[in-house]
Amino acid sequence: MNTFALDYETYYDKECSIKTLGPLGYFSHPDFDAYRVSIWGDEGTSFVGHPKDFEWSKLEGQRVLSHNASFDETLYLYGIKQGWWPDVKYAEWHCTADLSVYCGLPRSLKGSTTVAFNLEISKSTRDNMSGKRWEDMTKEFQQEVDDYALKDSELCIKLWEELSPKWPQHEREISTANRRIVQRGIPIDYDLLVKNKDVIAHKLFEAENNIPWVKEAPILSRNAFNAECRKVGIEPPASMALTSEAANEFVAKYGEKYPFILAVRDYRRINALKKKLQSFEYATLDDLRYYGGCFYFGAHTGRYSGSGGNLNMQNLPRAEHFGVNLRHMIRAPKGKKLIVADLSQIEVRTLSYLAKDFDTLNEIKDADDIYEVFAKRLNFWRNQKGSFKEYDSGKLRHKVKQVVLGCGYGVSYKKFAAISGYSEEEASQCVAKYRTNMWRVVKLWNDYQRKVVVANYLQKDFSIELPSSRVLNYGKVKKNVGDKRTNYVVQQYKGNKLVPMRAWGGLLAENASQALSRDIFSDMMLRLEAKGIKIIFHVHDEFVIEVDEEKADDILKDVIEVMSTPPTWIPNLPLEAEGKIVNKYQK
């Protein structure tokens with residue numbers, strides 16, 4: 001099989017932009033034009049020109065690469081329907097951006113080739129293409145664009161040749177499956193979208209009317225806000241962030257008396273909702289489906305992430321805010337239903353597995369309620385009469401859940417007090433109970449910490465091998481000696497930049513637990529797809545599936561069976577899943 005790297009060059013400007021419109025919204029924009037394609041083949045092909053002039057049959061039965069296949073392959077498939085180029089049955093299409101991040105490199109072509117080959121490539125040509133049509137470019141700039149495009153394809157295939165042996169087949173399949181899921185689109189209740197836009201416009205109008213300086217300074221001007229506070233005789237806090245305790249106390253004390261305070265606090269959040277609604281609208285096509293994005297390997301742990309912009313499908317608000325519930329806009333069309341299914345307490349289970357706490361896992365396997373198991377292990381519950389879930393109106397179960405989810409990664413009692421709302425004394429008791437009774441988890445933290453110290457001493461890379469055989473590689477460990485403590489630091493790529501991360505046992509246990517959960521979830525994704533079950537998007541440990549209404553009950557059973565069955569490489573992990581059939585997306 002021959003390998004060909006393919007890269008389209010397309011018209012874009014501020015209005016006609018994939019960042020604003022999403023892929024299919026961009027491709028269907030009246031100003032869109034795919035005026036160039038470059039193809040670099042390992043058998044000697046070197047082509048750059050208008051897509052209509054390429055001999056597309058060369059790709060028949062071959063491997064195709066793009067450095068952003070979610071763009072290039074999706075454009076190719078869209079163009080077939082528009083009659084822009086012929087339908088060629090390629091064998092496979094892989095994304096070298098996904099390959100790069102799997103191998104621990106930056107996602108961008110510029111970043112990955114800099115690290116892999118010590119090359120410095122300029123993206124100024126692409127920047128200078130903004131707002132320019134091919135026919136309006138000078139001959140010199142056209143040649144520059146062609147050279148730039150062909151070089152990108154050459155580097156794409158070079159990355160493949162260098163890195164692909166490190167990319168397992170199942171990870172390639174996960175990358176492709178994730179792309180297929182995004183390409184299906186998400187059904188949208190467009191009438192509700194329009195209604196929500198009106199609601200938010202009214203909320204913004206109300207907020208603006210309560211801000212005295214609206215005609216004299218920017219609405220979110222800190223100087224104007226401070227001046228208005230002092231004008232009415234109150235001293236403003238240093239920050240108005242939602243996470244600021246001082247700001248929250250200030251709002252609670254003065255917000256009702258001085259409406260401009262609440263208006264300023266709310267305005268940014270209302271405006272953020274407005275932008276999310278705009279993103280939904282821009283990327284929703286005439287078929288009433290939203291076409292967004294989802295990054296394979298969006299984090300070092302391998303977890304998926306949003307693909308940028310104002311709308312992150314991995315982090316949609318669960319509840320209604322300012323009269324708008326974004327999730328409810330995702331609605332099954334007539335004759336269809338949505339199945340929403342998620343894994344139950346997956347990270348609790350993976351953490352226990354990594355800690356080799358098989359006694360706890362066996363108890364979980366035989367239990368009706370996982371938190372009753374932990375209530376007994378942590379000495380919160382001694383088989384009192386009645387149901388554990390209902391005991392003390394469910395308050396004990398809630399407390400146990402907080403302890404299990406909050407203390408598994410080495411949190412201090414002060415931090416646990418802050419996140420749980422308990423007094424520091426009660427939080428200290430909870431943390432002590434967890435660490436005493438879940439000693440294998442504590443041992444896991446300590447084991448990781450010792451290995452970090454050893455890696456630093458030997459000047460070797462620190463890594464964690466998962467049961468899936470995937471390896472989390474942290475690179476070299478740096479030792480920072482301070483006045484009060486010694487820290488060990490590793491560096492991870494965030495975009496194209498290396499950022500420091502303190503490597504300590506609790507955080508590494510969290511990384512490993514999340515990574516293992518991701519591998520289990522991804523294995524399920526492939527198994528569901530192999531059964532012909534069409535996922536339309538996924539969020540962390542949750543699948544959303546669109547099905548024919550009359551088949552919904554049977555498919556839900558199949559989904560739960562798949563999600564309750566562990567991968568073959570971790571057969572003894574007890575899993576549990578739950579799901580429901582709905583008309584609109586909800587947790």
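Quick note: structure is the one above.
Basis of the calculations
- Residues numbered from 1 in each chain as written.
- Predicted model: local features only at pLDDT ≥ 70, side-chain atom pairs only at ≥ 80, totals over all residues.
- Heavy atoms only, no water.
- 1 Å grid on protein atoms, 1.4 Å probe; cavity = no way out; pocket = protein on both sides within 12 Å on 5 of 7 lines; lining within 4 Å.
- Points joined across faces, edges and corners; volume = space filled by probe spheres on them.
- Helix = DSSP H or I, 4+ residues; strand = E, 2+ residues; numbered from the N terminus.
- Nonpolar A, V, L, I, M, F, W, Y, C, P; charged D, E, K, R; others polar.
- Phe/Tyr/Trp six-rings, centres within 6.5 Å; stacked < 30°, edge-to-face > 60°.
- Lys NZ or Arg CZ within 6 Å of the ring centre and 35° of its normal.
- Buried < 20%, exposed > 50% of the residue type's maximum accessible area, 1.4 Å probe, protein only.
- Pairing = 2+ DSSP bridges.
- Arc of directions from axis to C-beta.
- Contact = heavy atoms within 4.5 Å.
- Core = buried A, V, L, I, M, F, W, Y, C linked by side-chain atoms within 4.5 Å.
- Patch = residues over 30% accessible without salt bridge, like charges linked within 9 Å, V, L, I, M, F, W, Y side chains within 5 Å.
- Areas by Shrake-Rupley, 256 points an atom, 1.4 Å probe, with all protein chains shown as cover.
- Salt bridge = Lys/Arg side-chain N within 4 Å of Asp/Glu carboxyl O.

Undergrad: Just to check I follow, could you spell out the layout of surface pockets for this structure?
TA: The space that makes up the second largest pocket amounts to roughly 1,000 Å³. As for the second largest pocket, its lining consists of 45 residues, of which Leu 343, Ser 344, Gln 345, Ile 346 and Asp 541 are closest to the centre. Here the lining of the second largest pocket gets 6 residues from one element, more than from any other, and that element is helix α12 (residues 346-354). Here the lining of the second largest pocket is composed, by residue class, of 19 nonpolar, 9 polar and 17 charged.

Undergrad: Looking at this structure, how should I read the packing of aromatic side chains?
TA: Pairs of aromatic rings are described using the distance from one ring centre to the other and the angle between the two planes. Tallying each qualifying case throughout the model produces 35 aromatic pairs. The ring of Phe 295 has Arg 107 sitting right over it, with the charged end atom 4.1 Å from the ring centre.

Undergrad: Please clarify how unusual backbone geometry should be interpreted in this entry.
TA: Trans peptide bonds make up the majority, and among non-glycine residues the majority have a negative phi. A positive phi is found at Gln 345, a non-glycine position, where the angle reads about 45°. Along the chain, Gln 345 turns up in the loop between β10 (336-343) and α12. The class for Gln 345 is partly exposed, based on a relative accessible area of 24%. One non-glycine residue, Lys 356, lies in positive phi territory at about 60°.

Undergrad: Would you explain the pairing of strand β1 (residues 3-10) in this entry?
TA: Regular strands show a simple pattern: their side chains alternate between the two faces of the sheet. Buried residues dominate β1, accounting for 8 of its 8 residues. Side chains Thr 3, Ala 5, Asp 7 and Glu 9 project from β1 onto one buried face, and the interleaved Phe 4, Leu 6, Tyr 8 and Thr 10 project onto a second face that is buried too. Pairing of β1 with strand β4 (residues 63-66) involves 3 bridges; the strand directions are parallel. Looking at the pairing, Thr 3 lines up with Arg 63 of β4. Of the strand pairs in this sheet, β1 and strand β2 (residues 34-41) are connected by 7 bridges, and their pairing is antiparallel.

Undergrad: How should I be thinking about the pairing of β2 in this particular structure?
TA: The element β2 is largely enclosed, with a buried count of 7 among its 8 residues. A loop of 4 residues connects β2 with strand β3 (residues 46-49), the two strands running antiparallel in sequence, and Gly 44 in this loop sits at a positive phi of about 115°.

Undergrad: Sorry if this is basic, but what is going on with helix α16 (residues 413-420) here?
TA: An α-helical segment advances 3.6 residues per turn. Residues three or four places apart therefore align on the same side. All buried positions along α16 are accounted for by Phe 416, Ala 417 and Ser 420. Down the axis of α16, the buried set is contained in an arc of 105°. They therefore lie on one face. α16 presents Ala 418 and Ile 419 as exposed residues on the side facing more than 90 degrees away from its buried surface. Residues of α16 that are buried make contact with α15 (395-407) and α17 (424-437). Looking one or two places after α16, you find Gly 421, whose phi comes out positive at around 85°.

Undergrad: Quick question: what am I supposed to make of the nonpolar core here?
TA: Buried together is how nonpolar side chains tend to be arranged in soluble globular proteins. One finds Val 400, Phe 416, Tyr 434, Ile 464, Leu 508 and Phe 543 to be the most contacted residues of the largest nonpolar core, which totals 102 residues. Ranked by residue count, the leading element in this core is helix α19 (residues 505-530), at 12 residues. When neighbours within four sequence positions are excluded, Leu 508 is seen to be in contact with Tyr 448, Val 452, Phe 462, Ile 464, Tyr 474, Met 501 and Ala 503. Core analysis: the next-biggest nonpolar cluster, separate from the first, contains 45 residues, Phe 260, Ala 283, Tyr 290 and Val 539 among them.

Undergrad: Sorry, what's going on with a nonpolar patch on the surface here?
TA: Taken together, the side chains of Tyr 190, Val 194 and Leu 288 present a nonpolar region at the surface, about 220 Å² in accessible area. Tracing the backbone through its elements, the reader meets Val 194 in helix α8 (residues 190-209). Look at Val 194 and you get partly exposed, because its relative accessible area is 36%.

Undergrad: Got a minute to help me understand empty space enclosed by the protein in this structure?
TA: Gaps between atoms show up when a probe of the same size as a water molecule is rolled over them. All chains considered together, the criterion is met by 1 cavity of 30 Å³ or more. Roughly 130 Å³ of volume is contained in the largest cavity. Together, 14 residues line the largest cavity, and Val 182, Ile 186, Gly 293, Ile 536 and Phe 537 are the ones closest to its centre. Of all the secondary-structure elements, those providing two or more residues to the lining of the largest cavity are α7 (169-184) and β16 (535-539).

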